[in-house]
Amino acid sequence: MVFTILGCTGNQKENSRENDVASEVLTVGQVMDSPGNYAENRITVEGMVTHVCRHGGKRLHLSASGSDLKLRVRTGEDVPPFERSLEGSTIHVSGKLSEERFDQAYLEKLKQGESRKGSHEEHENASSSSGGVSQAYINELEQRIQASEKGYISQFWLTAEKVIQK
């Protein structure tokens, strides 16, 4: 019985730590300075909405005031599409940060018109024969992948579970 009680206490501490991470409000700069430190964790980020996807509102960009840094955010399962009226607003987004890796195999899929969900959002309006992705974007990715010591480049996405407009 003592072990059962101790086991439950340990789980409560673990859950408490996870909740603490999500309740601490981070800036876009903190996250983007070392996104690997937050990957696969639930976090809360404050930032200004600089872009809402025009194709259904399922994605947006959060930026720090006066900064070129941006964090890509997509709607989670229970989150309605983002309204374009959010652009220019400061919001808090809580959710899980995940890493998407782009390598040569991914580029081949892009060239054939296939891609992962949301990975080339900024270029979805470009005209080309590669599923709406411009050749310039493909060339840029290819150069960045080749220049990477890891053989891939990373893009981080926050999947929103909760959004609060400030």
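Student: Which residues make up the environment of Ile138, and what values do they have?
Tutor: Mapped onto the elements of the fold, Ile138 is located in helix α4 (residues 135-147). Taking relative accessible area as the criterion, Ile138 reaches 0% and is therefore assigned buried. Along the backbone, Ile138 and Lys111 are 27 residues apart, and their C-alpha atoms lie at a distance of 7.6 Å.

Student: Could you give me a rundown of unusual backbone geometry, with the residues and numbers involved?
Tutor: The phi dihedral of Glu40 is positive, around 65°, even though this residue is not glycine. Note on placement: Glu40 falls in the loop between α2 (28-33) and β2 (42-52). In this structure Glu40 comes out as partly exposed when scored by relative accessible area, which is 48%.

Student: So what about the environment of Leu97? Which residues, and what values?
Tutor: Here Leu97 shows up in strand β5 (residues 90-102). Every residue in contact with Leu97, bar those within four places of it in the chain, is listed here: Val31, Pro35, Tyr38, Ala39, Glu40, Asn41, Ile43, Leu71, Phe156, Trp157 and Leu158.

Student: Got a sec to walk through the pairing of strand β4 (residues 70-75)? Specific residues and values, please.
Tutor: The buried count for β4 comes to five of six residues, which makes it a mostly enclosed element. Here five bridges tie strand β3 (residues 59-63) to β4, and the two strands are oriented antiparallel to one another. Along β4, the bridge assignment pairs Leu62 with Leu71. Counting the residues in the hairpin turn of β3 and β4 gives six residues, including Gly66, whose phi is positive at 70°. The sheet contact formed by β4 and strand β6 (residues 153-165) spans four bridges and is parallel. Residue pairing for β6: Thr75 is matched across the bridge by Ala160.

Conventions we followed
- Each chain has its residues counted from 1, running along the sequence as written.
- Totals for whole chains, interfaces and linings use all residues, but because this is a predicted model, local features are given only for residues with pLDDT of at least 70 and pairs of side-chain atoms are given and counted only at 80 or more.
- Side-chain numbers here rest on the full set of heavy atoms in the structure, without hydrogens or water.
- A run of DSSP states H or I qualifies as a helix once it reaches four residues; a run of E qualifies as a strand once it reaches two. Both are numbered from the N-terminal end.
- Partly exposed describes any residue whose relative accessible area lies between the buried limit of under 20% and the exposed limit of over 50%, with all areas from a 1.4 Å probe on protein chains only and scaled to the type maximum.
- Here, two residues are considered to be in contact whenever any of their heavy atoms come within 4.5 Å of each other.
- When DSSP finds two or more bridges between a pair of strands, those strands are recorded as paired.

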